[in-house]
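# Architecture at a glance
Below, each chain spelled out in residue letters.
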Amino acid sequence: MCAIAGMIGLSATEAIIEKMLQTMTRRGPDATGVACIPDGWLLHARLSVIDLSGGGQPMTVRHGQSEYTLVYNGELYNAPELRGKLQKAGHVFAGHSDTEVLLRSYIEWGEACLEKFNGIFAFAIWDGSEQKLFLARDRMGVKPLFFMEHRGGLLFASEMKTILTYPGVPAAIDQEGIAQLLLLGPGRIPGSGVFYGMRELEPGQCATYRDGRLAIRRYWKLRDREHTQTFDETAEQVRFLVLDAIERQTVSDVPVGTFLSGGLDSSLITAICAKKLSGKPLATFSVDYVDNDKYFTPNKFQPNSDGAYIRLMQERFQTDHHWCVLSPQDLIDELENATLARDLPGMADVDFSLLAFCRRIKPHVTVALSGECADEIFGGYPWYRDQEIRDREGFPWAQNTAYRGNLLHPSLQEKLHPDGFVMEQYEKTCRESDILPGASPLERRMKQMVNLNMRWFMQTLLDRKDRMSMYSGLEVRVPFCDHRIAEYLYGVPWKFKDWQGREKGLLRVAMEGILPREVLWRKKSPYPKTHDPKYGLLIRGRMEQLLEQKNAPLFALVSPDAIRKMLEEEPLWPWYGQLMRSPQTICYLLQINAWLKHYQVDILL
């Protein structure tokens, strides 16, 4: 994995380029490169994973009378197949990197190359034959690609901080940005970067910039299709797709490990990797918290803790296991770092713990596989199966617009129209869901739920995983984000996914024989968080200190009186998802303050 950036139609001094590269070195600590293109520059910072001696970027290939130059962040998991086709077409390769495969695929097939890729990617290609810049992002949105039209030119980068270093680019938010922070956050509108003028290519989008004009198109989206297979045939196909995705993603020229929570998804990945990488023990990693056994209390979302299941997996597959045990202070120490890593306020201690976790993994491996996205695709979250929440209008993971609206500074409450703003975004996504005519009300709703989760909630988690891991120069792959799995599962009826009334019942049946039954049929458990009351006390202490600072940036957006009330009560609904309860909500507000302060954000009203 890497960081990419560039500009076209804009000038840049050596000092400007160097400043931009400095923001990219956490993602790409191994090497940097710069290429001059007509009226612009392409920048790259590399984390070496495949073809360590080759594969350097920016990469230029001359073909016919034209030159093509690429900067690329990602991995192509079907690179061997594509290389074979390209060699038959006459292409001669200088190395074995997937970077060269991607560039030559574009040279051979043009923009249609996107339809052939199986992988995660964000890239830019200067096409000398057509004198245009071509940008693209993977179908599922695993790798980021932000851009801004500025002073008649275009800036783009893997992270917003890189674009913000260019002279004259404003760090500002308008009313929509404020509404996103406080009414939708840490989620954000697809394609928005929250900062004023900052945009992001959406998953499955590509763009062309030529003669000062930017044209964006969608090359992929989830399409409904008639499902004619039996349950057994469906389970067999799921087994093939999942195993194939995991096995493809073990390819690396550097050490590989897995995240292991003891849940279904990470355990499946661990089991397959342990067999695929036979010859030496697979490195596995788990996060836990000081005194969690002492303070953990079972609930309907998490009836038991993870430790026993992790140890069972470790023993069964003889992994080289590493525990990362964090204290409340360890989490709080990452508040500002996590905000800078994401360039936005995020998921509070859910981000903090992952950032600390990744930092401790990096000395052992450069690549790790993780279980994100299975719940969105297979319907694992509680809101898929809780009919009361499922039938309620609005984003199912954030049924709290009124509560959020009451936090707003009084001057903003009338300007932002909380209910209307949130419902507009929700309804737009529902309308865009592709659903076959004649679908039953249940099937229609479940298709909407999948689309809502993949376009919104999953993107927040993918942002989290990418930014927290790459901040430490760690590449994390997410096999369940293979687009073939998402495409196939979208058309599978809900009664199959919810087989025998179990969350992800189809996936469990499909994976029979791979995991110990205790793990295979374990109830879903959310990402582990600390249950130590000291954490809540420390967070409240920090907010009470902030409340004493009358000129704190946060209070231009949020009512101090509403925050004082928040400190005394637990709201009915979590702020976001299952994990962001009162301490995490307070943390999120502290992150907003840190973000406003660090980026010196102008508020445009």
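Everything here concerns the structure above.
Residues numbered from 1 in each chain as written. Predicted model: local features only at pLDDT ≥ 70, side-chain atom pairs only at ≥ 80, totals over all residues. Heavy atoms only, no water.

Our focus in this paragraph is the overall build of the protein. Secondary structure summary: the protein contains 26 helices and 19 strands in total. Computed over C-alpha atoms, the radius of gyration of the protein comes to 24 Å, within 12% of the 25 Å expected from 2.2 N^0.38 for 605 residues, which places it in the range of a compact globule. The principal-axis extents of the C-alpha atoms in the protein amount to approximately 70 × 60 × 55 Å. Taking all 605 residues of the protein together, the buried fraction comes to 64%. Pairs at least 24 apart in sequence give 73% of the contacts found in the protein among residues at least 6 apart. Here the protein has roughly 22,900 Å² of accessible surface; of this, 48% comes from carbon and sulfur atoms. Of the charged side chains in the protein, 72 are positive and 76 negative, and the gap between their average positions amounts to 1 Å. (Helix = DSSP H or I, 4+ residues; strand = E, 2+ residues; numbered from the N terminus. Rg over C-alpha atoms; globule rule 2.2 N^0.38 Å. Buried < 20%, exposed > 50% of the residue type's maximum accessible area, 1.4 Å probe, protein only. Contact = heavy atoms within 4.5 Å. Areas by Shrake-Rupley, 256 points an atom, 1.4 Å probe, with all protein chains shown as cover. Lys, Arg positive; Asp, Glu negative; His and termini not counted. Charge placed at Lys NZ, Arg CZ, Asp CG, Glu CD.)

A few words on the pattern of salt bridges. Evaluated as defined, the whole model comprises 49 salt bridges. Across the pair Arg188 and Asp463 runs a salt bridge whose closest N-O atoms are separated by 2.9 Å. Taken together, the residues span a long stretch of sequence, with Arg188 in the loop between helix H5 (175-184) and strand E11 (199-200) and Asp463 in helix H19 (residues 441-470) at a distance of 275 residues. Taken individually, Arg188 and Asp463 each receive the classification buried, so the pair is uniform in this respect. Through salt bridges with shared partners, a single ionic network connects Arg27, Arg137, Lys143, Glu159, Lys161, Arg188, Glu200, Asp343, Asp463, Asp466 and Arg467. (Salt bridge = Lys/Arg side-chain N within 4 Å of Asp/Glu carboxyl O.)

The 6 strands are arranged E2-E3-E1-E9-E8-E11 in an open sheet whose pairing can be described as antiparallel. For this open sheet the edge positions go to strand E2 (31-37) and E11, each flanked by a neighbour on one side alone. As judged from the 7 bridges shared by E2 and strand E3 (residues 40-46), these two strands associate in the antiparallel manner. Note on E3: the bridge partner recorded for Gly33 is His44. Each of strand E1 (2-8), E2, E3 and strand E9 (153-157) is contacted by helix H1 (residues 14-22), which is oriented at about 30° to E3, the strand it contacts most. (Pairing = 2+ DSSP bridges. Axes fitted to C-alpha atoms, helices over the stretch in contact; angles between N-to-C directions.)

This part is about the pairing of E1. For E1, the tally of buried residues reaches 7 of 7 residues, placing the bulk of the element in the interior. Burial of the side chains of E1 extends over both faces: Cys2, Ile4, Gly6 and Ile8 are buried on one face and Ala3, Ala5 and Met7 on the other. Both E1 and E3 contribute to a ladder of 7 bridges, which runs antiparallel. Looking across to E3, one finds that Ile4 is bridged to His44. Two strands pair when backbone bridges link them, and E1 and E9 are joined in this way by 4 bridges, in the antiparallel orientation. Looking across to E9, one finds that Ile8 is bridged to Leu154.

Time to look at the nonpolar core. Ranked by size, the top nonpolar core spans 197 residues in total, and within it Leu114, Phe123, Phe195, Phe378, Met543 and Leu557 carry the most contacts. Not counting chain neighbours up to four residues away, the residues in contact with Leu114 comprise Phe121, Phe123, Phe134, Ala136, Arg139, Cys206 and Tyr219. Ile8, Leu154, Leu201 and Tyr209 belong to the second-largest nonpolar core, a separate cluster that totals 18 residues. (Core = buried A, V, L, I, M, F, W, Y, C linked by side-chain atoms within 4.5 Å.)

The next thing to look at is the sheet that holds strand E12 (residues 205-210). In spatial order, the strands read E4-E5-E6-E7-E12-E13; together these 6 strands make up an open sheet with antiparallel pairing. Strands with a single pairing partner mark the edges of an open sheet, and in this sheet they are strand E4 (59-63) and strand E13 (213-218). Within the sheet, the average angular offset between the axes of one strand and its neighbour, ignoring direction, is 20°. Note: strand E7 (residues 132-137) against E12, 4 bridges, orientation antiparallel. The residue bridging Leu135 from the neighbouring strand is Ala207, located in E12. In the packing of helix H3 (residues 98-109) onto the sheet, contacts are made with E4, strand E5 (66-76), strand E6 (119-127) and E7, and the angle to E5 comes to roughly 130°.

This brings us to a negative patch on the surface. Together, Glu176, Glu393, Glu424 and Glu427 make up a region of like negative charge exposed at the surface. Mapped onto the elements of the fold, Glu424 is located in helix H18 (residues 418-432). (Patch = residues over 30% accessible without salt bridge, like charges linked within 9 Å, V, L, I, M, F, W, Y side chains within 5 Å.)

Where the residue is not glycine, phi is negative for most of them; where a peptide bond is considered, it is trans in most cases. Between Gln57 and Pro58 the backbone carries a cis peptide bond, its omega angle lying at -5°. By the element assignment, Pro58 lies in the loop between E3 and E4. Of note in the backbone geometry, Asp39 takes a positive phi value of approximately 65° without being a glycine. With respect to the element layout, Asp39 can be found in the loop between E2 and E3. Residue class for Asp39 comes out exposed when judged on its relative accessible area of 56%. Of note in the backbone geometry, Asp291 takes a positive phi value of approximately 65° without being a glycine.

Turning our attention to helix H26 (residues 582-598). Taking 1.5 Å per residue, 17 residues should reach 24 Å; H26 reaches 24 Å between its end C-alpha atoms and fits that length. Here H26 lies mainly inside the structure; 15 of its 17 residues are buried. With its phi angle positive at about 50°, Gln600 sits one or two positions after the end of H26. (Expected span 1.5 Å × (residues − 1).)

By definition, a disulfide links the sulfur atoms of two cysteine residues through a covalent bond. Applying the stated criterion across every chain yields a total of 0 disulfides. A disulfide-free cysteine, Cys273 has its sulfur positioned 16 Å from the sulfur of Cys481, the nearest such atom. By relative accessible area, which is 0% here, Cys273 ends up buried. You can see Cys324 has no disulfide; the closest cysteine sulfur is in Cys358, sitting 9.2 Å from it. (Disulfide = S-S within 2.5 Å.)

A few words on the packing of aromatic side chains. In this structure the tally under the stated criterion is 24 aromatic pairs. Arranged with centres 5.2 Å apart and planes meeting at 80°, the rings of Tyr381 and Phe457 form a pair that is edge-to-face. Here Tyr381, found in the loop between helix H13 (374-378) and helix H14 (382-385), pairs with Phe457, found in helix H19; they are 76 residues apart in sequence, far enough to count as distant. This pair shows no difference in class: Tyr381 is buried, exactly as Phe457 is. For the pair Tyr384 and Trp494, a centre-to-centre distance of 6.1 Å together with 15° between the ring planes defines the contact as stacked. Here the residue Tyr384 occupies a position in helix H14, and Trp494 occupies one in helix H21 (residues 494-497), the gap between them amounting to 110 residues. The pair formed by Tyr384 and Trp494 is uniform in burial state, with each residue classed as buried. Taken together, Tyr381, Trp383, Phe395, Trp397, Tyr426, Trp456, Phe457 and Tyr576 form an aromatic cluster joined through their ring pairs. Over the ring of Phe93 we find Arg104; its NZ or CZ atom is 5.6 Å from the centre of that ring. (Phe/Tyr/Trp six-rings, centres within 6.5 Å; stacked < 30°, edge-to-face > 60°. Lys NZ or Arg CZ within 6 Å of the ring centre and 35° of its normal.)

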